[in-house]
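Structure at a glance
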Amino acid sequence: MKVLLIGASGTIGKRLKECLELKHELVLAGKHSGMVQLDLANVDSIKAMFKNVGRIDAVICVAGEAKWDQFENMTEEDYYHGLKNKLMGQVSLVRWGKDYVSFGGSITLTSGVLADDPVYMSTSAAMVNGALHSFVKAVALELDNVRVNVVCSDLVEDSYEKYKDYFPGHTPVSMKRVADAYLKSLEGRIKGEIIRVKA
């Protein structure tokens, strides 16, 4: 399959690239790297990327940003950052990507454990992740030609040392299990699913 991998230079993206390139043709995309560039917060950038890439069999997005800070410090603009980038950026991938993905192909989005198990300073990220879950379940009811799923992973092994203080008591999940979750969406037949990866 020809797979558009967005966020290929990130923590999960690098491992996913290694896994996928064994069987699939990859088109790598990122904000500052890859074969094509895009800004998830800019719908025109997303539309231009799809026009540039053309017909594909699947989209996997492992990118997206949201602001982390104490609730009392968060401004409206801080919340809009996550809404425009990680939430609406991925919604836009479905809105415009569905016309480029072959029949029966898939679009796999990324949320995270904060949707179910928030931690300190995560009001924006938790809100965005939860909204992605609701969006995927709802949009799957309306799309017949493309399958849409979302992977929701706990803290991953490759990020454990960097983020462990933010996630007390969370047991990191292996990168293989995370990659397998994306494979389940890509190569399986499921749709409208929240694919949770927990230790």
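That block above? That's the structure.
Throughout this description, residue numbers start from 1 for each chain and increase along the sequence as written. Where totals are concerned, whole chains, interfaces and linings use all residues; where local detail is concerned, this predicted model gives features only for residues with pLDDT of at least 70, and gives and counts side-chain atom pairs only at 80 or more. Working from all heavy atoms in the structure, the side-chain values ignore hydrogens and water.

Digging into the nonpolar core
- By size, the foremost hydrophobic cluster in this structure holds 32 residues, and its most contacted members are Leu-4, Ile-6, Met-49 and Leu-93.
- Working definition: helices are DSSP H or I runs of at least four residues, strands are E runs of at least two. Numbering for both runs from the N terminus. Breaking this core down by element, the ones donating at least two residues are strand S1 (2-6), strand S2 (25-30), helix H2 (43-53), strand S4 (56-61), helix H3 (76-97), strand S5 (101-110), helix H4 (123-139) and strand S6 (146-153).
- The element contributing the most residues to this core is H4, with five residues.
- Once residues within four sequence positions are removed from consideration, Leu-93 is found in contact with Ile-6, Leu-38, Leu-40, Ile-46, Met-49, Phe-50, Cys-61, Lys-98 and Ile-107.
- Grouped together as the second largest cluster of nonpolar side chains are 23 residues, Leu-28, Val-62, Val-151 and Ile-195 included. Residues belong to one nonpolar core when they are buried, are Ala, Val, Leu, Ile, Met, Phe, Trp, Tyr or Cys, and are joined through side-chain atoms within 4.5 Å. Relative accessibility decides the category of a residue: with a 1.4 Å probe and only protein chains considered, values under 20% of the type maximum give buried, values over 50% give exposed, and everything between is partly exposed. Contacts are assigned to residue pairs with any non-hydrogen atoms lying within 4.5 Å of each other.

A short note on the packing of aromatic side chains
- A pair of aromatic rings is counted whenever rings of Phe, Tyr or Trp (Trp by its six-membered ring) have centres within 6.5 Å, and the orientation is called stacked for planes under 30 degrees apart, edge-to-face for over 60 and tilted otherwise. Per the stated rule, a full pass over the model turns up four aromatic pairs.
- Judged by centre distance (5.5 Å) and plane angle (15 degrees), the ring pair of Phe-50 and Tyr-100 falls under stacked. Linking Phe-50 in helix H2 with Tyr-100 in the loop between H3 and S5, this pair joins segments that are 50 residues apart in sequence.
- By relative accessible area, Tyr-100 is classed as partly exposed at 25%.
- On the basis of an interplanar angle of 55 degrees and a centroid distance of 6.4 Å, the ring pair of Tyr-163 and Tyr-166 is categorised as tilted.
- For Tyr-163, a relative accessible area of 33% corresponds to the partly exposed category.
- Distance and angle both matter: a charge sits over a ring if NZ of Lys or CZ of Arg is within 6 Å of the ring centre and within 35 degrees of the ring normal. Geometry around Trp-96 places Lys-47 over its ring, the cationic atom sitting 4.5 Å from the centre.

Observations concerning H4
- One less than the residue count of a helix, multiplied by 1.5 Å, gives the span that helix is expected to have. Its 17 residues give H4 an end-to-end C-alpha distance of 24 Å, which sits within 8% of 24 Å, the value for a rise of 1.5 Å per residue.
- All of the buried residues in H4 are Ser-124, Ala-125, Ala-126, Val-128, Asn-129, Leu-132, His-133, Phe-135, Val-136 and Val-139.
- Residues of H4 that are buried sit in contact with H3, S5, S6 and strand S7 (194-197).

Focus: the environment of Ser-102
- By the secondary structure assignment, Ser-102 is in strand S5.
- In this structure the C-alpha to C-alpha distance between Ser-102 and Met-1, which are 101 residues apart in sequence, comes to 10.0 Å.
- Look past the residues within four positions of Ser-102 in its chain and what remains in contact with it is Arg-55, Ile-56, Asp-57 and Asn-145.

Looking at the pattern of salt bridges
- Salt bridges, as used here, are contacts in which a Lys or Arg side-chain nitrogen is within 4 Å of a carboxyl oxygen on Asp or Glu. Applying the stated criterion across every chain yields a total of seven salt bridges.
- With a shortest N-O distance of 2.7 Å, Arg-196 and Asp-116 are connected by a salt bridge. Of the two residues, Arg-196 sits in strand S7 while Asp-116 sits in the loop between S5 and H4, which places them 80 residues apart along the sequence.
- Overall, the relative accessible area of 40% leaves Arg-196 in the partly exposed class.

Observations concerning the packing of H3 against H4
- Lines are fitted to the C-alpha atoms to define the axes, a helix being fitted only along its stretch in contact, and any angle between axes, read from their N-to-C directions, falls within 0 to 180 degrees. Relative orientation of the contacting elements H3 and H4 amounts to 20 degrees, with a least axis distance of 9 Å. Between H3 and H4, the interaxial angle falls into the category roughly parallel. When the axes of H3 and H4 are compared, the crossing they make is right-handed. Contact with H3, carried on its side by Asp-78, Tyr-79, Gly-82, Leu-83, Lys-86, Leu-87, Gln-90, Val-91 and Val-94, involves Thr-123, Ser-124, Met-127, Val-128, Asn-129, Ala-131, Leu-132, Phe-135 and Val-139 of H4 and no other residues of that element. What sets the label is the angle itself: under 35 degrees gives roughly parallel, over 145 gives roughly antiparallel, 65 to 115 gives roughly perpendicular, and the rest give oblique. Rotating anticlockwise by less than a right angle from the far helix to the near helix defines a left-handed crossing, while the corresponding clockwise rotation defines a right-handed one.

Considerations on the layout of surface pockets
- What the largest pocket holds in volume is close to 1200 Å³.
- Whether a set of points on the 1 Å grid over the protein atoms alone is a cavity depends on a 1.4 Å probe fitting there but being unable to get out, while an open set qualifies as a pocket with protein on both sides within 12 Å along at least five of seven lines; lining residues are those with an atom within 4 Å of a point. Every residue lining the largest pocket is counted, 42 residues in all, and those nearest its centre are Val-62, Ala-63, Gly-64, Lys-86 and Tyr-163.
- Contributing elements (two or more residues each) for the lining of the largest pocket: helix H1 (11-20), S2, H3, H4, S6 and helix H5 (160-163).
- At three residues, H1 tops the list of elements feeding residues into the lining of the largest pocket.
- In the lining of the largest pocket, the residues fall into 19 nonpolar, 16 polar and seven charged. Grid points are joined across faces, edges and corners, and a volume is the space filled by probe spheres set on the points. By the convention adopted, Pro, Cys, Tyr, Trp, Phe, Met, Ile, Leu, Val and Ala count as nonpolar, Lys, Arg, Asp and Glu as charged, and the other residues, Gly among them, as polar.

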